[in-house]
Amino acid sequence: MPRMLRPEVAVARKLRRDLSLPEALLWQRLRGKQAGLKFRRQHPVGPYVVDFYCPSLKTIIEIDGEAHNREDRPIRDAARAFFIKENGFQIVHVSALRVLKDPDAAAEAIVAYVARPLHHLPEEANGPPPRSGED
């Protein structure tokens, strides 16, 4: 008996074959650790499929085109973002227009941000807080 795929896995496989132009341009620059980090494209996260995922940092990259502003998409995107954040992932949104204008710069900005996100403290700040009077 053939193994049944979860619906989001089947959707992810289809989306990998049908990347949008901004996604394809970005994937050319992020794939195969070219950027120094491993990224996956069209990766299932719960019931959703995200554009790009960096597993080592639990960071999701979403390419937002004009369609994200139409009809009920803003409400669906908010619910999706809530689910993703509640499950411990960070989301970085990148405009499709920015990727189309300069895919190299967009990829470099993504890697720089993901490699050193704002919520990471410098190494020397990882210890316990100083005792009173030792500031």
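Preceding block: the structure.
Here we summarise the structure given alongside this text. Worth saying up front: this structure is predicted, and the values here are computed from it rather than measured.

### Observations concerning the environment of H93
Phase 1: Positionally, H93 belongs in strand 4 (residues 90-95).
Phase 2: Look past the residues within four positions of H93 in its chain and what remains in contact with it is E62 and D64.

### Focus: the packing of aromatic side chains
Phase 1: Going through the model one piece at a time under the given rule, you end up with three aromatic pairs.
Phase 2: Lying across the ring of F89, K58 places its NZ or CZ 4.5 Å from the centre.

### A short note on the sheet that holds strand 3 (residues 59-64)
Working definition: the strands of a sheet are paired by backbone hydrogen bonds and lie parallel or antiparallel to each other.
Phase 1: If you walk across this open sheet you meet the four strands as 1-2-3-4, and the pairing is mixed. Each edge of the open sheet is held by one strand with a lone partner, namely strand 1 (40-45) and strand 4. Sheet twist, expressed as the average angle between the axes of neighbouring strands with direction ignored, equals 45°.
Phase 2: Sheet analysis places strand 2 (residues 48-54) next to strand 3, joined by three bridges and oriented antiparallel. Considered in strand 3, the bridge of Y53 is made with I60.
Phase 3: Contacts from helix 2 (residues 21-30) reach strand 1, strand 2 and strand 3 within the one sheet, and its direction differs from that of strand 2 by about 35°.

### Looking at the nonpolar core
Phase 1: Of all hydrophobic cores here, the largest spans 19 residues; its most connected members are L26, F39, I61 and I63.
Phase 2: Looking at this core, the elements that each hand over two or more residues are helix 2, strand 2, strand 3, strand 4, helix 4 (96-101) and helix 5 (103-115).
Phase 3: Take this core: its biggest share by element is five residues, from helix 5.
Phase 4: For L26, the residues in contact, after removing those within four places along its chain, are F52, I63, V99, P103, A106, A107 and I110.
Phase 5: Judged by nonpolar contacts, the second largest core, of eight residues, contains I60, A81, I84 and F89.

### Concerning the environment of Q42
Phase 1: Relative to the helices and strands, Q42 is located in strand 1.
Phase 2: Along the backbone, Q42 and E8 are 34 residues apart, and their C-alpha atoms lie at a distance of 9.9 Å.
Phase 3: A polar side-chain atom of Q42 sits 3.4 Å from a polar atom in the side chain of E23.

Parameters and conventions
Per chain, the residues get numbers from 1 upward, laid out in the order the sequence is written. The predicted nature of this model means local features are confined to residues of pLDDT at least 70 and side-chain atom pairs, given and counted, to a pLDDT of 80 or more, with totals for whole chains, interfaces and linings taken over all residues. The side-chain values count all of the structure's non-hydrogen atoms but skip hydrogen atoms and water molecules. Helix and strand definitions here come from DSSP, where helices need a minimum of 4 consecutive H or I residues and strands a minimum of 2 consecutive E residues; each element is numbered from the N-terminal end. Should any heavy atoms of two residues lie within 4.5 Å, those residues are considered in contact. Stacked, tilted and edge-to-face pairs are distinguished by plane angle, under 30 degrees for stacked and over 60 for edge-to-face with tilted covering the rest, among Phe, Tyr and Trp rings (Trp via its six-membered ring) whose centres lie within 6.5 Å. Note on geometry: a ring has a charge over it if NZ (lysine) or CZ (arginine) is within 6 Å of the ring centre and within 35 degrees of the ring normal. If DSSP finds at least two bridges between two strands, the strands pair. Fitted lines through C-alpha atoms give the axes, limited to the stretch in contact for helices. The angle between two N-to-C directions lies from 0 to 180 degrees. Residue types Ala, Val, Leu, Ile, Met, Phe, Trp, Tyr and Cys, when buried and joined through side-chain atoms within 4.5 Å, form a set referred to as a nonpolar core. The rule is simple: take the accessible area with a 1.4 Å probe, protein chains only, and divide by the maximum for that residue type; under 20% is buried, over 50% is exposed, in between is partly exposed. Pairs of N or O atoms within 3.5 Å make up the polar contacts considered here, provided that, within protein, one atom can donate a hydrogen while the other can accept it, and that residues adjacent in sequence are counted only when both atoms are side-chain atoms.

Purely geometric stuff here, so don't read any function into it on its own.
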